[in-house]
Amino acid sequence: MRRYIVFIPLVLFFALGVLLWRGLQLDPTELPSALIDKPMPSFQLSSLQDPQRMLTEADLKFDEPVLLNVWATWCPSCKAEHAQLNRMATQEGVKIIGVNYKDERNKANVWLEKYLNPYVINIYDDKGSLGLDLGVYGAPETYILDAKGVIRYKHVGVVDERVWQQLKGVMASLQSEAAS
Amino acid sequence: MKRWLVLFALLLPLQAFAAIDTYEFKDEASRVRFQQLTDELRCPKCQNQNLADSNSPIAKDLRTEIHRMLGEDQSDDEIIDFMVARYGEFVLYKPRKTASTWVLWYGPFVLLAFGALVIVLISRRKRKPQAEVADACSEKAQDASLSEADAQRLNAMLKQDGDQ
């Protein structure tokens, strides 16, 4: 028994090594969202296309899981993912809510005309107040809301096909969870 | 002398790590609190900077938000809770003492105590065998009383050695 005591430092070393090695694989820019499993923060902001129309969190309930995409015309990555969002909306019928984050209304509307509009509704958050309540720290960010309007997932960065497959999996599991 | 002083002053690395914007504070105390809070809160975008250092738009927004909340006489805890509710525990450069951060806060002391314990145990174990060996030696000395003939031979040998 005593003989094995000398191996304790070696075992500790390997345990620490494995722990730190795993730490190297993590992406430090991906923060866990503090809002997971919290309801959509309340807001009152105008619609991007129609300044007269006021939107609140009650307008975001669709009885099915939806995506909420934070975007802006000043954000190059948003342009990169726009075609993917269009494809998801037109071909797969995904409902995407847009949050136009710290942007200018005219520019944003021109952009949507030019590159097509994948969003079912667009919230005009020019001051970034909703963005702040959502914990947005870099557009584009994409959230999954469940049928009750609760935030269930967050992705920071461009949505490409690979990410979409991931999001789709989460949405499918939320769908079946709601059905059961 | 003066020249040397100037030269020395040039060698001092003077760098200001601070984003510059102007905020008006109603009193000195809230200015100090603003500095403390922006020092302790981390920028979510540029991860190795605090809010005071960072020039990123989000850090600027959060500074403005802290300034606004200070103006509304909210306590430090309220402001920190506000940030944590949105950006998570990540924004705290000084993590809270909760069950999950217990290891972070007290782990080093536990390791230190463990190390001290190991050292004490090792030094004790080292001392013990030496004492045992010494005891054994003295016992042997008592046992090994030479017979008369051997003693004579030994004396003869020693004498021989001494002669040479």
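Residues numbered from 1 in each chain as written. Chains lettered and ligands numbered in written order. Predicted model: local features only at pLDDT ≥ 70, side-chain atom pairs only at ≥ 80, totals over all residues. Heavy atoms only, no water.

## What about the side chain of A:Glu141?
Put simply, the rule reads: A helix here means a DSSP run of H or I that spans at least four residues, while a strand means a run of E at least two residues long, and both kinds are numbered starting from the N terminus. By the criterion applied in these results, polar contacts are pairs of N or O atoms within 3.5 Å in which, for protein atoms, one can donate a hydrogen and the other can accept it, and in which residues neighboring in sequence qualify only through two side-chain atoms.
With respect to the helices, strands and loops of the structure, A:Glu141 is situated in strand S6 (residues 141–145). Engagement of the side chain of A:Glu141 in a polar contact is seen with the side chain of A:Tyr143, the distance being 2.9 Å.

## Section: the side chain of B:Ser30
Condition: By definition, residues are in contact when any of their heavy atoms lie within 4.5 Å.
Its place among the elements puts B:Ser30 in helix H2 (residues 28–40). Apart from the residues within four sequence positions on either side, B:Ser30 is in contact with B:Phe25 and B:Leu70.

## Quick notes on the environment of B:Arg86
Residues and elements named next belong to chain B. Rule in force here: Partly exposed residues are those whose accessible area sits between 20% and 50% of the maximum for their type, while under 20% is buried and over 50% is exposed, using a 1.4 Å probe and protein chains only.
On the secondary structure map, Arg 86 appears in helix H4 (residues 76–87). Judged by its relative accessible area of 16%, Arg 86 falls in the buried class. Counting along the chain gives 66 residues from Arg 86 to Gln 152, while the straight-line C-alpha distance between them is 97 Å. There is a polar contact of 3.1 Å between the side chain of Arg 86 and the backbone oxygen of Phe 82.

## Some remarks on the state of the cysteines
Residues and elements named next belong to chain A. Rules: Working definition: a disulfide is two cysteine sulfur atoms within 2.5 Å of each other.
Evaluated as defined, the whole model comprises one disulfide over all chains. Between Cys 75 and Cys 78 runs a disulfide, and the two sulfur atoms are separated by 2.1 Å. Its S-S torsion of approximately 90° makes the covalent link between Cys 75 and Cys 78 right-handed. With relative accessibility at 2%, the residue Cys 78 sits in the buried group.

## Looking at the sheet that holds S6(A)
Residue and element names in this part refer to chain A. Note the following rule: Two strands are counted as paired when DSSP detects at least two bridges linking them. Think of each axis as a best-fit line through the C-alpha atoms, taken over the contacting stretch in the case of a helix, with angles from 0 to 180 degrees between the N-to-C directions.
Taking strand neighbours across the sheet as the criterion, the five strands line up as S5-S4-S3-S6-S7 in an open arrangement whose pairing is mixed. Only two strands of the sheet have a single neighbouring strand rather than two, namely strand S5 (121–125) and strand S7 (151–156). Neighbouring strand axes in the sheet, compared pairwise and without regard to direction, differ in orientation by 20° on average. Alignment of S6 against S7, held across five bridges, turns out to be antiparallel. In the strand pairing of S7, Ile 144 is matched with Tyr 153. Helix H2 (residues 76–91) contacts strand S3 (66–71), strand S4 (96–101) and S6 of the sheet and is inclined by roughly 155° relative to S3.

## Some thoughts on the packing of H2(B) against helix H3 (residues 57–71) of chain B
Residues and elements named next belong to chain B. Stated formally: The sense of a crossing depends on the near helix, which, turned anticlockwise from the far helix by less than a right angle, makes the crossing left-handed and, turned clockwise, makes it right-handed. The nonpolar class holds Ala, Val, Leu, Ile, Met, Phe, Trp, Tyr, Cys and Pro. Asp, Glu, Lys and Arg form the charged class, and all remaining residues, Gly among them, are polar.
Direction vectors running N to C along H2 and H3 enclose 145°, while the axes themselves pass 10 Å from each other. Along this stretch, H2 crosses H3, giving a crossing that reads as right-handed. Facing Ser 30, Arg 33, Phe 34, Leu 37 and Thr 38 of H2, the residues of H3 in contact are Arg 63, Ile 66, His 67 and Leu 70. Residues that form the contact of H2 with H3 fall into these classes: four nonpolar, three polar and two charged.

## Digging into the nonpolar core
This is how the line gets drawn: Within this scheme, the nonpolar core is defined by two criteria: the residues are buried Ala, Val, Leu, Ile, Met, Phe, Trp, Tyr or Cys, and they are joined through side-chain atoms within 4.5 Å.
Residues A:Leu60, A:Leu67, A:Leu68, A:Ile123 and B:Ile66 are the most contacted members of the largest nonpolar core, which totals 69 residues. Once residues lying within four places of it in the same chain are set aside, the contact partners of A:Ile123 are A:Phe43, A:Leu45, A:Ser46, A:Leu55, A:Leu60, A:Ile97, A:Gly98, A:Val99, A:Asn100 and A:Leu130.

## A closer look at the pattern of salt bridges
Rules: We define a salt bridge as a side-chain nitrogen of Lys or Arg found within 4 Å of a carboxyl oxygen belonging to Asp or Glu.
Going through the model one piece at a time under the given rule, you end up with 20 salt bridges over all chains. Across the pair A:Glu92 and A:Lys168 runs a salt bridge, and its minimum N-O distance is 3.0 Å. In this pair, A:Glu92 sits in the loop between H2 and S4 while A:Lys168 sits in helix H5 (residues 161–179), placing the two residues 76 residues apart along the sequence. With a shortest N-O distance of 4.0 Å, B:Arg153 and B:Asp150 are connected by a salt bridge. Taken together, the residues span about one helical turn, with B:Arg153 and B:Asp150 both in helix H6 (residues 148–163) at a distance of three residues.

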